[in-house]
Amino acid sequence: MTPTLYTHVLDAECYKVRLLAALLGLPLDCVAVDSYPGEETRSEAFLALAPAGTLPVLEAGGLVLCGAPAILTWLAATGDVTEGWMPQDPAPRAQMQMWLGFSQRLSATAGAARLEAMFDMPAPEGALAAAEACLRELELHLAIRAVDDGAWLVGDHPCIADIACFADVALCPDAGLLHDEFPFLRHWLYRLRALPGFLPMPGIHPLHELRAG
Amino acid sequence: MTTFPVALAHDLPPGRVQRAFAGGRDLVLWRSASGRAMAWDNRCPHRGMRLSHGFVRGERLACLYHGWQYGTEAACAHIPAHPDLAPPATIRAAAYDLAEAGGVIWVADEGYADPPDMPLAVMPLRSLTFRCDLATLAWACGLEPAPLLFLPEHPSLVIAPNPLGPDRTEAHVLTAPLHAADRIAAIHQTEALRRLAEEAAG
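So, a few notes on the structure that sits alongside this text. As the structure is a computational prediction, the values presented were derived from the model and not from experiment. (Residues numbered from 1 in each chain as written. Chains lettered and ligands numbered in written order. Predicted model: local features only at pLDDT ≥ 70, side-chain atom pairs only at ≥ 80, totals over all residues. Heavy atoms only, no water.)

1. Brief notes about the overall build of chain B
Counting secondary structure elements, chain B contains two helices and 15 strands. Relative to the compact-globule value of 17 Å for 202 residues, chain B shows a C-alpha radius of gyration of 18 Å, a close match. For chain B, the C-alpha atoms occupy an extent of roughly 60 × 35 × 25 Å along the three principal directions. A buried classification covers 50% of the 202 residues belonging to chain B. For chain B, long-range pairs separated by at least 24 residues make up 50% of all intrachain contacts whose partners lie at least 6 apart in sequence. Accessible surface, chain B: about 9,100 Å² in total, of which carbon and sulfur atoms supply 53%. The averaged location of the 21 negative side-chain charges in chain B is 10 Å from the averaged location of its 17 positive side-chain charges. (Helix = DSSP H or I, 4+ residues; strand = E, 2+ residues; numbered from the N terminus. Rg over C-alpha atoms; globule rule 2.2 N^0.38 Å. Buried < 20%, exposed > 50% of the residue type's maximum accessible area, 1.4 Å probe, protein only. Contact = heavy atoms within 4.5 Å. Areas by Shrake-Rupley, 256 points an atom, 1.4 Å probe, with all protein chains shown as cover. Lys, Arg positive; Asp, Glu negative; His and termini not counted. Charge placed at Lys NZ, Arg CZ, Asp CG, Glu CD.)

Structure, rendered in structure tokens:
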């Protein structure tokens, strides 16, 4: 049975779910929720489904999951036959969890700054500076990973934490935070965009370079 | 006429495009499929779109906006809306001289690029941006501003600094050939230098 995803086309959290599903080749029934500007996430019907009033929400059979980290975990656990997207060994598994936690810091800073820039939703004080500190932290991690030719956050395969971090990093130019001074971030973004089945969204282009001239 | 270090060469693989800055100029930096690097004004002569948003097709750079393509000589080579038209030779991107030396891409804001003599055995480490001016970056290294900063306390590290303004300086960092653990230590040293410089800059 195809899961239902309640989603908004410009929402970075929803995009994470749609991107992983696309990369795994998993079908989703997408239901557009007018969270902005319609505030449909404040409607009684939506709040009955997701009391926090936030997207994304995934419904599969009787299961209801709220928030990108939980949904990414479930999609990888149920739909990834290669098991590459969610490492099973304790150390990489815990590292993946660490970067999933980091993705929520990105979302609370870079993501919030973007929502303020695009939709006038007030961001917490200092969100932009905190977002920049997050980008520096991720850049440092990827610089160190590159010393041993590591291309992804953990191990030798992209994991769901790469997806969870990718969206806010790729979209942060919407908030005026550019990628120019972060070469390792740029290479990592490029590698993700080059994955077979990659799904773009407004603000994240596909790789034109890969098409036949 | 000045020559500026704008990027580490290994950060610009064939087929890639990025933004760069040289002496106040906003540039598109790109490398063709065959490996030729170029630096042009970051502005499409057609509608002014930043060419750094564009994409490389073989030996040409295409603007993201209307797909106008420019060859390695900076002349417009193809206009998709007029596929049968040979574009007039006057439609050109403004190109700057570029040299690759010691693993660094150098661009002259006018005339010819004249990079400083680079050590022979250097490996690219990383490029990072300091939120301070060049003098403060050099001070954090224990040095006066210079085209190449050989760090007295970290003899394997050399920085090619690119001043972008009073509060922004790029540091293109190279090292002697090092083992992995020492490369990681060198990366942490660049972070510590940046913290020191930025704290001093307030």
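What follows continues from the structure just given.
2. A short note on empty space enclosed by the protein
Across all of its chains, the model carries two cavities of 30 Å³ or more by this definition. If you add up the space inside the largest cavity, you get close to 170 Å³. Residue lining of the largest cavity: 19 residues in total, with Asp180(A), Glu181(A), Arg186(A), Glu170(B) and His172(B) positioned closest to the centre. Only α7 (183–193) of chain A together with β1 (3–8), β2 (17–22), β12 (123–130) and β15 (168–175) of chain B provide two or more residues apiece to the lining of the largest cavity. (1 Å grid on protein atoms, 1.4 Å probe; cavity = no way out; pocket = protein on both sides within 12 Å on 5 of 7 lines; lining within 4 Å. Points joined across faces, edges and corners; volume = space filled by probe spheres on them.)

3. A look at the sheet that holds strand β4 (residues 37–41) of chain B
Across a sheet, paired strands are connected by hydrogen bonds in the backbone, their directions being either parallel or antiparallel. Residue and element names in this part refer to chain B. Pairing is antiparallel in the open sheet, where four strands are placed in the order β2-β3-β4-β9. Only two strands of the sheet have a single neighbouring strand rather than two, namely β2 and β9 (95–96). With six bridges joining them, β2 and strand β3 (residues 25–31) adopt antiparallel strand pairing. Counted as the bridge partner of valine 17 is tryptophan 30 from β3. (Pairing = 2+ DSSP bridges.)

4. A word on the packing of aromatic side chains
Residue and element names in this part refer to chain A. Tallied over the full model, the rule gives seven aromatic pairs over all chains. For the pair tyrosine 15 and phenylalanine 166, a centre-to-centre distance of 6.4 Å together with 40° between the ring planes defines the contact as tilted. Remark: phenylalanine 166 occurs in helix α6 (residues 160–171) and tyrosine 15 occurs in helix α1 (residues 12–24); sequence separation between them is 151 residues. Accessibility assignment for this pair places tyrosine 15 and phenylalanine 166 in one class, buried. (Phe/Tyr/Trp six-rings, centres within 6.5 Å; stacked < 30°, edge-to-face > 60°.)

5. Remarks on the layout of surface pockets
Rolled over the atoms, a probe with the dimensions of a water molecule shows which regions are left empty. Taken as a whole, the largest pocket spans an internal volume of roughly 880 Å³. Along the wall of the largest pocket there are 33 residues; nearest its centre are His179(A), Arg193(A), His205(A), Ser52(B) and His53(B). Looking at the lining of the largest pocket, the elements that each hand over two or more residues are α6 and α7 of chain A together with β2 of chain B. For the lining of the largest pocket, the per-class residue count stands at 15 nonpolar, nine polar and nine charged. Roughly 560 Å³ of internal volume is contained in the second largest pocket. What lines the second largest pocket is a set of 24 residues, among which Asp11(A), Glu13(A), Thr54(A), Leu55(A) and Leu115(A) lie closest to the centre. Elements represented by at least two residues in the lining of the second largest pocket include exactly α1 and α4 (90–119) of chain A. Among the elements that take part in the lining of the second largest pocket, α4(A) stands out by supplying six residues, more than any other. (Nonpolar A, V, L, I, M, F, W, Y, C, P; charged D, E, K, R; others polar.)

6. What about the packing of helix α5 (residues 127–147) of chain A against helix α2 (residues 180–201) of chain B?
Interaxial distance between α5(A) and α2(B) falls to 9 Å at its minimum, and their mutual angle equals 160°. Taken as axis vectors, α5(A) and α2(B) run roughly antiparallel relative to one another. The interaxial crossing formed by α5(A) with α2(B) has right-handed handedness. Side by side, α5(A) and α2(B) meet where Arg136(A), Leu140(A), Ala143(A), Ile144(A) and Val147(A) of the first sit next to Ala180(B), Arg183(B), Ile184(B), Ile187(B), His188(B), Glu191(B), Arg194(B) and Glu198(B) of the second. Residue composition of the contact of α5(A) with α2(B), by class: seven nonpolar, one polar and five charged. (Axes fitted to C-alpha atoms, helices over the stretch in contact; angles between N-to-C directions. Parallel < 35°, antiparallel > 145°, perpendicular 65-115°, else oblique. Left-handed = near helix turned anticlockwise from the far one by under 90°.)

7. Re the interface of chain A and chain B
Contact residues are listed per partner, giving 20 residues for chain A and 25 residues for chain B. Counting each side, the surface lost to burial between chain A and chain B is near 2,100 Å², with a carbon and sulfur contribution of 53%. The tally of links from chain A across to chain B stands at five salt bridges. Between Arg19(B) and Asp180(A) there is a salt bridge, with its nearest N and O atoms 3.3 Å apart. Here chain A and chain B share eight residue pairs in polar contact (both at pLDDT 80 or more) between them. Those elements giving two or more residues to the side of chain A that touches chain B turn out to be α5 and α7 of chain A. Ranked by residues supplied to the side of chain A that touches chain B, first place goes to α5(A) with seven residues. Across the side of chain A that touches chain B, the residue classes tally to eight nonpolar, four polar and eight charged. (Buried area = accessible area lost by both parts, 1.4 Å probe. Salt bridge = Lys/Arg side-chain N within 4 Å of Asp/Glu carboxyl O. Polar contact = N/O pair within 3.5 Å; in protein donor to acceptor, adjacent residues only side chain to side chain.)

8. Brief notes about the nonpolar core
Nonpolar side chains tend to gather and get buried jointly when the protein is soluble and globular. Ranked by size, the top nonpolar core spans 77 residues in total, and within it Trp85(A), Leu138(A), Leu153(A), Ile160(A), Phe166(A) and Trp188(A) carry the most contacts. By residue number, the principal contributor to this core is α6(A), which donates 10 residues. Looking at which domains feed residues into this core, each of domain 1 (4–79) and domain 2 (90–197) of chain A supplies at least three. The contact partners of Ile160(A), leaving out residues within four places of it in the chain, are Leu20(A), Leu72(A), Thr73(A), Ala76(A), Trp85(A), Met86(A), Met96(A) and Leu100(A). Within the second largest apolar cluster, 17 residues are counted, among which are Cys44(B), Leu51(B), Leu61(B) and Cys63(B). (Core = buried A, V, L, I, M, F, W, Y, C linked by side-chain atoms within 4.5 Å. Domains from an automatic or database assignment.)

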